[in-house]
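For reference, the chains in residue letters:
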Amino acid sequence: MLAVLLLGACRADLSVEVAQGAGGSGHVRATVNLDAEAAAQVPDLASQLRVDDLERAGWAVEGPYRRPGGGLGLRVEKPFASADGAQRAIQELSGSGGPFSSLRLTTKRRFWKTTTALQGTVDLRAGLAAFGDPELAKVLGSPDLGLDPAALERQLGKPLSQVVGVELVGNLPGTVTSNAPRARGGSAVWPVPLGSSTTVAASSQAWNVRSLVLAGVAVLCCLALLAVLVRRRRRI
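What counts and how
Residues numbered from 1 in each chain as written. Predicted model: local features only at pLDDT ≥ 70, side-chain atom pairs only at ≥ 80, totals over all residues. Heavy atoms only, no water. Helix = DSSP H or I, 4+ residues; strand = E, 2+ residues; numbered from the N terminus. Buried < 20%, exposed > 50% of the residue type's maximum accessible area, 1.4 Å probe, protein only. Contact = heavy atoms within 4.5 Å. Areas by Shrake-Rupley, 256 points an atom, 1.4 Å probe, with all protein chains shown as cover. Pairing = 2+ DSSP bridges. pLDDT = per-residue confidence, 0-100. Polar contact = N/O pair within 3.5 Å; in protein donor to acceptor, adjacent residues only side chain to side chain. Axes fitted to C-alpha atoms, helices over the stretch in contact; angles between N-to-C directions. Salt bridge = Lys/Arg side-chain N within 4 Å of Asp/Glu carboxyl O. Expected span 1.5 Å × (residues − 1).

What follows concerns the overall build of the chain. Of the regular secondary structure elements, the chain holds 8 helices and 11 strands. Looking at the 236 residues of the chain, the share that counts as buried comes to 42%. In the chain, 61% of the contacts between residues at least 6 apart in sequence involve partners at least 24 apart. Counting every atom, the chain has about 12,500 Å² of accessible surface; 55% of that belongs to carbon and sulfur.

Laid out in structure tokens, this is it:
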């Protein structure tokens, strides 16, 4: 499918999001957006997609759906309840040795705060061949690419990085500190051009509300007990 889009000089964008909330649960999501020209190249896209294996593995599949301007979108998402669950979802998405396989989501919980980190490398130095992994091919609904990048660029008259866009999005609880070129609040975005690799480093800290509430209750109880003891002493 992706080969057809490229040969048609269309635009295809892949966004992979790793999101974790303050409680440790979250999701891994991959979204493919095609522009109107790309959508016109694959009018029977819904029948070409193979999503049974994904759904059996716990992935929710949405689409293909219409986008503004006549394009198409496809989204797959898998929830997780812990950092280990996130790691399994990332590996299922990327496959062994795939472009996202080195990403690691870790959580360190202390009484007052929880530190969450997303680290690793998104490796697209192999260009289109990076998406030849069988597991990622299932997510994208495309077969092994087996394309000659130089020949494609000659046909298209433009670099492949202008045809296929890839980005990683990290959404972490609290305010994120990262090396991402685009970051705001709890979100960080790393664009990864074809033919390159990008180092990912992001961390955030969030207050443990439950711990704070329990500590506050404990302090109030101590103050109340102290007040009772003071009153009793005054009566004696």
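Don't stop here, the text continues.
Below, the discussion takes up the pairing of strand S3 (residues 60-66). Each regular strand displays side chains that alternate between the two surfaces of the sheet. In the sheet, S3 pairs with strand S4 (residues 72-80) via 5 bridges, with the strands oriented antiparallel. Directly across from Glu62, in S4, lies its bridge partner Arg75.

Glancing now at the confidence of the model for the chain. Parts of the model with low pLDDT should not have their predicted coordinates read in detail. Summarising the model, the chain shows a mean pLDDT of 77, and 73% of its residues fall at 70 or more. Taken element by element, the predicted model of the chain shows its lowest mean pLDDT in helix H1 (residues 2-7) (44) and its highest in strand S10 (residues 187-191) (94). Every residue in residues 1-9 is under pLDDT 50, and counting partners more than four places away or in other chains gives 31 contacts. For the stretch residues 209-220, pLDDT sits under 50, and the model shows 6 contacts to residues farther than four places along the chain or on other chains.

Here the residue pair Gly63 and Pro64 is connected by a cis peptide bond, since its omega of 5° sits within 30 degrees of zero. Relative to the elements of secondary structure, Pro64 occurs in strand S3.

Once that is clear, we can look at the side chain of Ser15. Summarising the element assignment, Ser15 is placed in strand S1 (residues 12-20). Of note is the side chain of Ser15, whose polar atom sits 3.2 Å from the side chain of Glu167. Those residues in contact with Ser15, other than ones at most four positions away along the chain, are Arg29, Ala30, Thr31, Glu167 and Val169.

A few words on the sheet that holds S1. With mixed pairing, 7 strands are arranged side by side in an open sheet as S3-S4-S2-S1-S7-S10-S9. Edge positions in the sheet fall to S3 and strand S9 (182-184), since each has one partner strand and no second. Adjacent strand axes in the sheet meet at a mean angle of 15° when their direction is disregarded. Inspection of the sheet shows S9 paired to S10 by 3 bridges, in the antiparallel sense. Looking at S10, one finds that Arg184 is bridged to Ser187. Along the sheet, helix H5 (residues 83-94) makes contact with S1, strand S2 (26-34) and S4, crossing S2 at roughly 25°.

Below, the discussion takes up the pattern of salt bridges. A full pass over the atoms with the stated rule returns 7 salt bridges. Here Arg29 and Glu17 are joined by a salt bridge, their closest N and O atoms 3.0 Å apart. With Arg29 in strand S2 and Glu17 in strand S1, this residue pair connects regions lying 12 residues apart in the sequence. The exposure class assigned to Arg29 is partly exposed, which follows from its relative accessible area of 23%. Exposure remark for Glu17: the relative accessible area of 13% places this residue in the buried category. For Arg29, the salt bridge goes to Glu77, with nearest N and O atoms at 2.7 Å. Linking Arg29 in strand S2 with Glu77 in strand S4, this pair joins segments that are 48 residues apart in sequence. Note on Glu77: relative accessible area 23%, which makes it partly exposed. When salt bridges with common partners are traced through the structure, they connect Glu17, Arg29 and Glu77 into a single cluster.

Moving on, we get to H5. Here H5 is 12 residues long and its end C-alpha atoms lie 16 Å apart, about the 16 Å a rise of 1.5 Å per residue gives. Among the residues trailing H5, Gly95 stands out with phi positive, at a value near 80°.

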